[in-house]
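Descriptive structure summary
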Amino acid sequence: MEPRFIADYACHTGEGPLWHPDEQRVYWTDIPNGRLFRYDPQSGHHEICFQGEQVGGMTLQEDGALLLFMERGAVKIWNGNDLTVVLDEIPDERETRFNDVIADPAGRVFCGTMPTKDRPGRLYRLDTDGSIHLILENIGCSNGLGFTPDRKRMYYTDTTKREIYLFDYDQATGEITNQTLFVKTEEGGGWPDGMTVDVEGNVWSTRWDGGCMVEHSPEGKEMRRIAFPAQKVSSVAFGGPEYRDMYITTAGGHIKETDGALAGTLFHLDLGVQGVAEFRSNIPAAKTASPSFATAGP
């Protein structure tokens, strides 16, 4: 039940852990500092592998490249060396950035953005033809997403409202409908942030400023709460050869005096729980890329 320390890069906002099964490594990001990290549990080696614009979230492409969701609504493919443009920007998102994202079973990506000073956040869907569609508006802070094991429903978190929702999800079209409330978190217990779903359908939700991660049953009942030595527990992903390892990111590395000596650290947990592999995105590069993006590099 005790989280195990993996790596401390004093992340301002450590986020978005993602297991890469081809490489058997976990990736994660420090959003404001534009840093991307990776960790190899076999060797114990970890490193900064990319530094550039802010990366709010990422998915794994069919060919093993990473699809990076960045500031200004930009989306780029990173193959370990070069960046290739999918979207230069979303004009309505020039003052903000993407936050949490998830690929769906068909290779689309649901991708949320942060609020601006003038309006709340939004949720978009990036389709496999490269087109992007506005799905939801008036989101306080777009955050953790996940799918039920039968792939018929999708979870979505609005951190500011302290709510996790369930939608009916249509794999054929990518449409989400019939929004219902799954969990309303208690005041004073932190804010629901990133999440994942295990093989049994239980939901694991991290708590920003709550210093913990909470397991919910498919009915929304709290089953257990895992404490962390950091206040801002930001996201979680399953990994390892059988998806029995949990990797958890934290934030607050720039304010360790208040958020804890291990704030901003990547942690590992082995609770005997099995997860599932994340779906891979299948998003094409833009046919014509702006030189300012095409020549950018890590």
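Residues numbered from 1 in each chain as written. Predicted model: local features only at pLDDT ≥ 70, side-chain atom pairs only at ≥ 80, totals over all residues. Heavy atoms only, no water.

1. As for the overall build of the protein chain
When helices and strands are tallied, the protein chain shows 2 helices and 24 strands. Taken over the C-alpha trace, the protein chain has a radius of gyration of 17 Å; the compact-globule value for 298 residues is 19 Å, and the two agree within 12%. Across its three principal axes, the protein chain shows a C-alpha extent of roughly 50 × 45 × 40 Å. The proportion of buried residues among the 298 residues of the protein chain is 57%. Restricting the contact set of the protein chain to residue pairs at least 6 apart, pairs at least 24 apart contribute 46%. Just so you have it, the protein chain exposes about 12000 Å², and 46% of that area is on carbon and sulfur atoms. (Helix = DSSP H or I, 4+ residues; strand = E, 2+ residues; numbered from the N terminus. Rg over C-alpha atoms; globule rule 2.2 N^0.38 Å. Buried < 20%, exposed > 50% of the residue type's maximum accessible area, 1.4 Å probe, protein only. Contact = heavy atoms within 4.5 Å. Areas by Shrake-Rupley, 256 points an atom, 1.4 Å probe, with all protein chains shown as cover.)

2. Brief notes about the packing of aromatic side chains
The relation between two aromatic rings is expressed through the spacing of the ring centres and the mutual angle of the planes. For the structure on display, the rule yields 13 aromatic pairs. Among the aromatic residues, those joined into a cluster by ring pairs are Phe 110, Phe 147, Tyr 169 and Phe 279. (Phe/Tyr/Trp six-rings, centres within 6.5 Å; stacked < 30°, edge-to-face > 60°.)

3. Section: the sheet that holds strand E15 (residues 153–158)
Pairing within the open sheet is antiparallel, and its 4 strands lie in the order E14-E15-E16-E17. Each of the sheet's edge strands pairs with one partner strand only, and the pair in question is strand E14 (142–147) and strand E17 (176–184). When strand polarity is set aside, the average angle formed by the axes of neighbouring strands in this sheet is 25°. Across 4 bridges, the pairing between E14 and E15 is antiparallel. Looking at the pairing, Ser 142 lines up with Asp 158 of E15. (Pairing = 2+ DSSP bridges. Axes fitted to C-alpha atoms, helices over the stretch in contact; angles between N-to-C directions.)

Everything listed here is a matter of geometry and, on its own, says nothing about what the molecule does.
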